[in-house]
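# Results of the structural survey
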Amino acid sequence: MNGLLENIERLHTTDMGAERIKRNLQIETSDVVQWCKARILDRNAEIERVGKNWYVTAGDCKITVNAHSCTIITAHKAGRAAM
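This text gives an overview of the structure that appears in the document.

Let us now look at the side chain of Thr64. Mapped onto the secondary structure, Thr64 falls in strand β3 (residues 61–66). The buried category is assigned to Thr64, whose relative accessible area is 9%. Discounting residues that sit within four places of it in the chain, Thr64 has contacts with Asn53, Trp54, Tyr55, Thr71, Ile72, Ile73 and Thr74.

Time to look at the packing of aromatic side chains. Enumeration over the complete set of coordinates arrives at 0 aromatic pairs. Over the ring of Trp35 we find Arg39; its NZ or CZ atom is 3.8 Å from the centre of that ring.

To continue, consider the sheet that holds β3. Taken in spatial order, the 4 strands of this open sheet run β1-β2-β3-β4, and their pairing is antiparallel. The open sheet terminates on both sides in strands that have one partner only, identified here as β1 (46–50) and β4 (72–77). Recorded for the sheet is a direction-independent mean angle of 20° between the axes of neighbouring strands. Note: β3 against β4, 5 bridges, orientation antiparallel.

Turning to unusual backbone geometry, a few remarks are in order. Most peptide bonds are trans, and most residues other than glycine sit at a negative phi. Residue Gln26 is not a glycine yet carries a positive backbone phi of 55°. Within the fold, Gln26 resides in the loop between α2 (15–25) and α3 (32–41). The phi torsion at Cys70 lies on the positive side, around 60°, for a residue other than glycine. In this fold, Cys70 is placed in the loop between β3 and β4. Its relative accessible area of 3% is what places Cys70 among the buried residues.

This part is about the environment of Asp60. By the element assignment, Asp60 lies in the loop between β2 (53–58) and β3. Considered as a pair, Asp60 and Ile73 are 13 residues apart in the sequence and their alpha carbons are 17 Å apart. Contact partners of Asp60, with chain neighbours within four places excluded, come to His76, Lys77 and Ala78.

Another aspect to go through is the pattern of salt bridges. Per the stated rule, a full pass over the model turns up 3 salt bridges. Across the pair Glu9 and Lys37 runs a salt bridge, and its minimum N-O distance is 3.5 Å. You can see Glu9 sitting in the loop between α1 (3–6) and α2 and its partner Lys37 sitting in helix α3, a full 28 residues away along the chain. Classification of Glu9 as exposed rests on a relative accessible area of 66%. For Lys37, a relative accessible area of 10% puts it in the buried group.

Rules used throughout
- Residues numbered from 1 in each chain as written.
- Predicted model: local features only at pLDDT ≥ 70, side-chain atom pairs only at ≥ 80, totals over all residues.
- Heavy atoms only, no water.
- Helix = DSSP H or I, 4+ residues; strand = E, 2+ residues; numbered from the N terminus.
- Buried < 20%, exposed > 50% of the residue type's maximum accessible area, 1.4 Å probe, protein only.
- Contact = heavy atoms within 4.5 Å.
- Phe/Tyr/Trp six-rings, centres within 6.5 Å; stacked < 30°, edge-to-face > 60°.
- Lys NZ or Arg CZ within 6 Å of the ring centre and 35° of its normal.
- Pairing = 2+ DSSP bridges.
- Axes fitted to C-alpha atoms, helices over the stretch in contact; angles between N-to-C directions.
- Salt bridge = Lys/Arg side-chain N within 4 Å of Asp/Glu carboxyl O.

Next up, the structure:
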């Protein structure tokens, strides 16, 4: 099993991170962490660790999570994400 999925309950973000994610993905949700968790847990999600971050491509978005702190840093539409 991969480290991100093993630590899914530790997943969190900051207030600024939540606003950035909502803006970048153009989503309206009261719980960005739950929204991201659902995408990460999707069986079709592709999860890759590069350096200190996990990159999750799920549907039309790419989510960046710090591997050490389990902080959701940002998310972008899949075509605009940069590694």
